[in-house]
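# Structural description and commentary
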Amino acid sequence: MADRVTVIGWDGSPPTDAARAALGAATLVAGAAHHLALPEIPPAAERVRLGSIALAARRIAAHRGTAVVLADGDPGFFGVVRTLRDPEFGLEVEVVPAVSPVAAAFARAAMPWDDAQVVVAHPRTLRRAVNVCRAHTKVAVLTAPGAGPAELGLLLEGVHRTFVICEELGTEREQVSVVTSDKAADHTWRDPNVVIVIGGPAGAGEGGGWIAGRAPGAGPRGWVQPDDAYGAHAEHGPPGAPGAHGTPGGPGGGLGEGETQLLRAAQLAHLGPRVGDLVWDIGCGSGAFATEAARAGAAVIAVDRLPDACARTESAARRFGVHLQVVQGTAPHVLENLPEPDVVRVGGGGAAVVSAVADRRPQRVVTHAATRDEAELIGRDLTEHGYRVECALLQSVQLDTGAWTETERNVAFLLSGVMPDRAP
């Protein structure tokens, strides 16, 4: 095992005294090509080109001598320190940090970043990184080949964002460009780069917050809000009318029969939307569910065939300070060109829309039915698509706490489907 392992961050600045001392004593140095060309590396030191961090860690663990690992930026921030400290290798490390690429990028843009989300995008996580960009006002994306500014822009189709693209930070070839997301695919970008993604209304952190990133619990307390928070009391009637294939309930300002507060709470609990997810809300109606899923940090596409419902959903999102994308159109046809969802709520359209959703194999699906026959039809279809199905009859009774008399009663079958091979 190496007698000593020092991890040195490099941000283009001259090495610190601590870094120079560690390099001067090194018998093995690992790093990228531009690191290994540094004049401070002793000529006799063994050089290891960093490709796989795990392979390099094994070489270091087997080395008898003093090892140094050079890494861009702060190696403890999405960097090599995590791998080197893995118990598999048994390495004890010392760290000489430098400015992280994210901090440098925001400095070049002269922007604060304590209110930013920070994500890593590579081909395996690109879709989830894009979902964070859909859902949040300010995101820094640490990119990788095949998951860079062009790919981010292409996957953000339909969502306007501004990109601040910082290429080769800390080098003589450093360049900062500002483009709109729809233009990012028109250029070839040099690696490594960091993309700051900006868009939408100012977040809560713009005035100075107390926690980095998205402040938890922003806005009113509660996973769901009372029905009257969305402008009206619930309207009740037969399922699918008049909003079949789109809106549960009508365009007159009321909530649909599938939008009541307690039903929304149960639907949110079954879907569990979270940061990095893409949620479809089909038949968004008042926008209550879509807004509440967005408050959980998920990206949301809200779909409805009625212009009034789309306008109400956009208004609800603005009122609660969240991002979501509203698409007007009739399901299931409008769903064909939407990006792949993680979880889906079907608020209108019935069995035909649920079946079309199941064809896309999201991890989870929730919907409701007003009759047992309809619930059985939907449940059988989800089962045939490979979902594990649960159904519960929910009944809620609102009481006037002055006279303790019943004021409102709601009954619905709640259906949820989980795709076992894609859970959780």
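Reference entry: report on the structure contained in this document. (Residues numbered from 1 in each chain as written. Predicted model: local features only at pLDDT ≥ 70, side-chain atom pairs only at ≥ 80, totals over all residues. Heavy atoms only, no water.)

### Comments concerning the state of the cysteines
To keep things clear, this is the line we draw: Two cysteine sulfurs form what is called a disulfide whenever their separation falls within 2.5 Å. Burial here depends on accessible area, computed with a 1.4 Å probe over protein chains only, as a share of the maximum for the residue type. Under 20% is buried, over 50% is exposed, and the range in between is partly exposed.
Scanning the entire structure with this criterion turns up zero disulfides. Between Cys166, a free cysteine, and Cys133, which holds the nearest cysteine sulfur, the sulfur-to-sulfur gap is 14 Å. For Cys166, a relative accessible area of 0% puts it in the buried group. Here Cys310 stays free of any disulfide, with the sulfur of Cys284 as its closest cysteine sulfur at 5.4 Å. Its relative accessible area of 7% is what places Cys310 among the buried residues.

### Considerations on the packing of aromatic side chains
Think of a pair of aromatic rings as described by two things: how far the centres are apart, and how the planes are tilted against each other in angle. Test applied: Classification of ring pairs rests on two measures: the distance between centres of Phe, Tyr or Trp rings, Trp counted by its six-membered ring, which must be within 6.5 Å, and the angle between planes, read as stacked under 30 degrees, edge-to-face over 60 and tilted in between.
Scanning all chains against the criterion turns up three aromatic pairs. Both rings, one in Phe77 and one in Phe78, keep their centres 5.1 Å apart while their planes meet at 75°; by these two values the pair is edge-to-face. Under the relative-accessibility criterion, Phe77 is labelled partly exposed at 28%. Their ring planes at 10° and their centres at 6.0 Å tell us that Phe106 and Trp113 sit as a pair that is stacked. Residue classification places Phe106 among the buried residues on the basis of a relative accessible area of 0%. For Trp113, a relative accessible area of 31% gives the class partly exposed.

### So, the packing of helix α8 (residues 261-271) against helix α9 (residues 288-295)
Threshold: Here, axes are lines fitted to C-alpha atoms. For helices the fit covers the stretch in contact, and angles between N-to-C directions go from 0 to 180 degrees. Counting from the N terminus, the helices are the DSSP runs of H or I reaching at least four residues and the strands are the DSSP runs of E reaching at least two. Oblique is the label for any angle not covered by the other classes, which are roughly parallel (under 35 degrees), roughly antiparallel (over 145) and roughly perpendicular (65 to 115). Left-handed is the label given to a crossing in which the near helix is rotated counterclockwise from the far helix by less than a right angle, and right-handed is the label when the rotation is clockwise. For this analysis, residues touch if any pair of their heavy atoms sits within 4.5 Å. When residues are grouped by polarity, Ala, Val, Leu, Ile, Met, Phe, Trp, Tyr, Cys and Pro land in nonpolar, Asp, Glu, Lys and Arg in charged, and all others, Gly among them, in polar.
Packing of α8 against α9 leaves a shortest axis separation of 11 Å and a crossing angle of 40°. Taken together, α8 and α9 sit at an angle that is classed as oblique. Seen from above, α8 lies across α9 with right-handed handedness. Residues Arg264, Gln267, Leu268 and Leu271 of α8 pack against Ala288, Phe289, Glu292 and Ala293 of α9. Residues of the contact of α8 with α9, tallied by class, amount to five nonpolar, one polar and two charged.

### Points about the nonpolar core
Our working definition: Throughout this description, the term nonpolar core refers to a set of buried Ala, Val, Leu, Ile, Met, Phe, Trp, Tyr and Cys residues connected via side-chain atoms within 4.5 Å.
Trp280, Ile282, Leu335, Val346 and Val357 are the most contacted members of the largest nonpolar core, which totals 27 residues. For this core, the secondary structure elements donating two or more residues are β11 (278-282), β12 (299-304), β14 (343-346), α11 (350-359), β15 (364-369), α12 (372-384) and β17 (405-418). It is α11 that provides the largest number of residues to this core, a total of four residues. Aside from chain neighbours lying at most four places away, what touches Val357 is Trp280, Ile282, Leu335, Val344, Val346, Pro362 and Val365.

### Remarks on α12
What counts is decided by this rule: Multiplying 1.5 Å by the residue count of a helix minus one yields the expected span of that helix. Arc definition: directions from the helix axis to the C-beta atoms.
Helix length check: α12, at 13 residues, gives a terminal C-alpha distance of 18 Å against a target of 18 Å (1.5 Å per residue), a fit within 8%. All of the buried residues along α12 are Glu374, Ala375, Ile378, Gly379, Asp381 and Leu382. Relative to the axis of α12, the buried residues are bounded by an arc of 165° and lie together on one face. Counted as exposed and oriented over 90 degrees from the buried face of α12: Arg372, Asp373 and Glu384. On its buried face, α12 sits against α11, β15, β16 (388-400) and β17. Phi for Gly386, located one or two positions after α12, is positive at around 100°.

### Overview of unusual backbone geometry
Asp191 connects to Pro192 through a cis peptide bond whose omega is -5°. Within the secondary structure, Pro192 sits in the loop between β9 (175-180) and β10 (193-198). Following Ala331, the chain continues into Pro332 via a peptide bond in cis, with omega recorded as 10°. Residue Ala110 is not a glycine yet carries a positive backbone phi of 55°. Here Ala110 lies in the loop between α5 (101-109) and β6 (117-120). At Glu168, a residue that is not glycine, the phi angle is positive and equals roughly 50°. Relative to the elements of secondary structure, Glu168 occurs in the loop between β8 (162-167) and β9.

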